[in-house]
Amino acid sequence: YWWRWVVLLVFSVNLASNNAQWLTFSPIADVVRCYYGVSNFWVNSLSMVYMLVYILCFMLSALSLDRLGLRTTIIIASCLNALGAALRVAGTGRHYFWLLLSGQTVSALTQALMWGAPSLLSSVWFPPSERATATAFAGAISPQFGILVGFGLGPLLVHSELTPQVCGNDTTKTTDPESSPFFGQWQDDIYSGLFYYLLGQAAFSVVLLAITFIAFPNAPPTPPSISRQLLEESSSVQLKTL
């Protein structure tokens, strides 16, 4: 079924989008630290929370895939991705860092759900001759593309020529940008860039959620291989026995 490539693309874009959200703030860490008035620890926590949530919740992926199936798991993950992105938009104001971190935490649950799915997706949708390609594309290439986007867009969209005058060059401590005479213009520049950057990510995530809901079936009409057919028949017999 040619639709398997659509399914692979939808999954891969979801994972790439989530990885882009993961590293949104890493390439602009100095600006984020100065804008929100927080320490380097809290700026780093915007990315570290992904790893913490994954360690604590990695079993969610296996449990969800086993009990809810591939389609439901990916839709839930896509919903969490969109919700996290929306919370981040709400956290654009200087005094709402906690909302920004909350959004990152919710989005991190998406990663915990999706990282266990590439091998199952390739097994359910692809014949043996294409499974290695499908798994590599979904589990390796798409996350790297998301990381590339995350690192590339941030410095282009969230910047100001006044940053050195407002924040200084010391990245080891929290400074008070309000003491600078250039603060008002700098704050407007950073807020505008950050708001539209995060809003764009959120809008993309919502559209992607709709596409996932429409274009991501749980399985093809017939298994792609004899081994998959035997596995499904065996599972069906076990369920009937229970």
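Here we summarise the structure given alongside this text. (Residues numbered from 1 in each chain as written. Predicted model: local features only at pLDDT ≥ 70, side-chain atom pairs only at ≥ 80, totals over all residues. Heavy atoms only, no water.)

Examining the overall build of the protein chain
Point 1. Helices and strands together make up the secondary structure of the protein chain, namely 10 helices and zero strands.
Point 2. Starting at the N terminus, the α and β elements of the protein chain follow one another as α-α-α-α-α-α-α-α-α-α.
Point 3. Among the 242 residues that make up the protein chain, the fraction classed as buried is 46%.
Point 4. Partitioning the contacts of the protein chain with sequence separation of at least 6, the portion at a separation of at least 24 is 83%.
Point 5. For the protein chain, the accessible area works out to roughly 12,000 Å², and carbon and sulfur atoms hold 69% of it. (Helix = DSSP H or I, 4+ residues; strand = E, 2+ residues; numbered from the N terminus. Buried < 20%, exposed > 50% of the residue type's maximum accessible area, 1.4 Å probe, protein only. Contact = heavy atoms within 4.5 Å. Areas by Shrake-Rupley, 256 points an atom, 1.4 Å probe, with all protein chains shown as cover.)

Some points on the environment of Val-106
Point 1. Along the chain, the position of Val-106 falls in helix α5 (residues 97–114).
Point 2. Between the C-alpha atom of Val-106 and that of Cys-79, which follows or precedes it by 27 residues, the distance is 9.8 Å.
Point 3. Ignoring anything within four residues of it in the chain, the contact list for Val-106 reads Leu-80, Leu-83, Gly-84 and Leu-87.

Details of the nonpolar core
Point 1. Ranked by size, the top nonpolar core spans 26 residues in total, and within it Phe-25, Tyr-36 and Trp-186 carry the most contacts.
Point 2. Elements with a minimum of two residues in this core: α2 (29–36), α3 (40–67), α4 (70–90), α5, α8 (163–167) and α9 (183–215).
Point 3. Those residues in contact with Phe-25, other than ones at most four positions away along the chain, are Val-32, Leu-46, Arg-88, Leu-100, Gln-104, Leu-194 and Leu-198.
Point 4. Among the nonpolar cores identified, the runner-up in size contains 22 residues, and Phe-11, Leu-65, Val-124 and Ala-134 belong to it. (Core = buried A, V, L, I, M, F, W, Y, C linked by side-chain atoms within 4.5 Å.)

Looking at the state of the cysteines
Point 1. Applying the stated criterion across every chain yields a total of one disulfide.
Point 2. Here Cys-34 engages in a disulfide with Cys-167; their sulfurs sit 2.1 Å apart. One disulfide, between Cys-34 and Cys-167, carries an S-S torsion of -100° and so falls in the left-handed class. Placement of the pair is Cys-34 in helix α2 and Cys-167 in helix α8, with a sequence separation of 133 residues. (Disulfide = S-S within 2.5 Å.)

Concerning the side chain of Ser-160
Point 1. Structurally, Ser-160 is set in the loop between α7 (128–157) and α8.
Point 2. Within the local environment of Ser-160, its side chain forms a polar contact with the backbone nitrogen of Leu-162, the two atoms lying 3.2 Å apart.
Point 3. Here Asp-189 takes part through its side chain, which lies 3.2 Å from a polar atom of the side chain of Ser-160.
Point 4. In this structure Ser-160 touches Trp-186, Asp-189 and Ile-190, once residues within four positions along its chain are discounted. (Polar contact = N/O pair within 3.5 Å; in protein donor to acceptor, adjacent residues only side chain to side chain.)

Some details on the packing of helix α1 (residues 3–22) against α4
Point 1. Where α1 meets α4, the axes come as close as 11 Å, and the angle between the chain directions of the two elements is 30°. With respect to their mutual orientation, α1 and α4 come out roughly parallel. As α1 packs across α4, the resulting crossing turns out to be left-handed. Residue-level contacts link Phe-11, Asn-14, Ser-17, Asn-18 and Gln-21 of α1 to Ile-74, Ser-78, Asn-81, Ala-85 and Arg-88 of α4.
Point 2. Its residues assigned to classes, the contact of α1 with α4 comprises three nonpolar, six polar and one charged. (Axes fitted to C-alpha atoms, helices over the stretch in contact; angles between N-to-C directions. Parallel < 35°, antiparallel > 145°, perpendicular 65-115°, else oblique. Left-handed = near helix turned anticlockwise from the far one by under 90°. Nonpolar A, V, L, I, M, F, W, Y, C, P; charged D, E, K, R; others polar.)

Quick word on the layout of surface pockets
Point 1. For the second largest pocket, the calculated volume is near 320 Å³.
Point 2. In terms of lining, the second largest pocket is formed by 19 residues, of which the most central are Ala-16, Ser-17, Ala-20, Val-149 and Phe-204.
Point 3. Mapped onto the lining of the second largest pocket, the elements with two or more residues apiece are α1, α7 and α9.
Point 4. Looking at side-chain class alone, the lining of the second largest pocket contains 11 nonpolar, eight polar and no charged residues. (1 Å grid on protein atoms, 1.4 Å probe; cavity = no way out; pocket = protein on both sides within 12 Å on 5 of 7 lines; lining within 4 Å. Points joined across faces, edges and corners; volume = space filled by probe spheres on them.)

Re α1
Point 1. Helix length check: α1 (20 residues) gives 29 Å between terminal C-alpha atoms against 28 Å at 1.5 Å per residue, within 8%.
Point 2. Counting buried residues in α1 gives 15 out of 20 residues, a clear majority hidden from the surface. (Expected span 1.5 Å × (residues − 1).)

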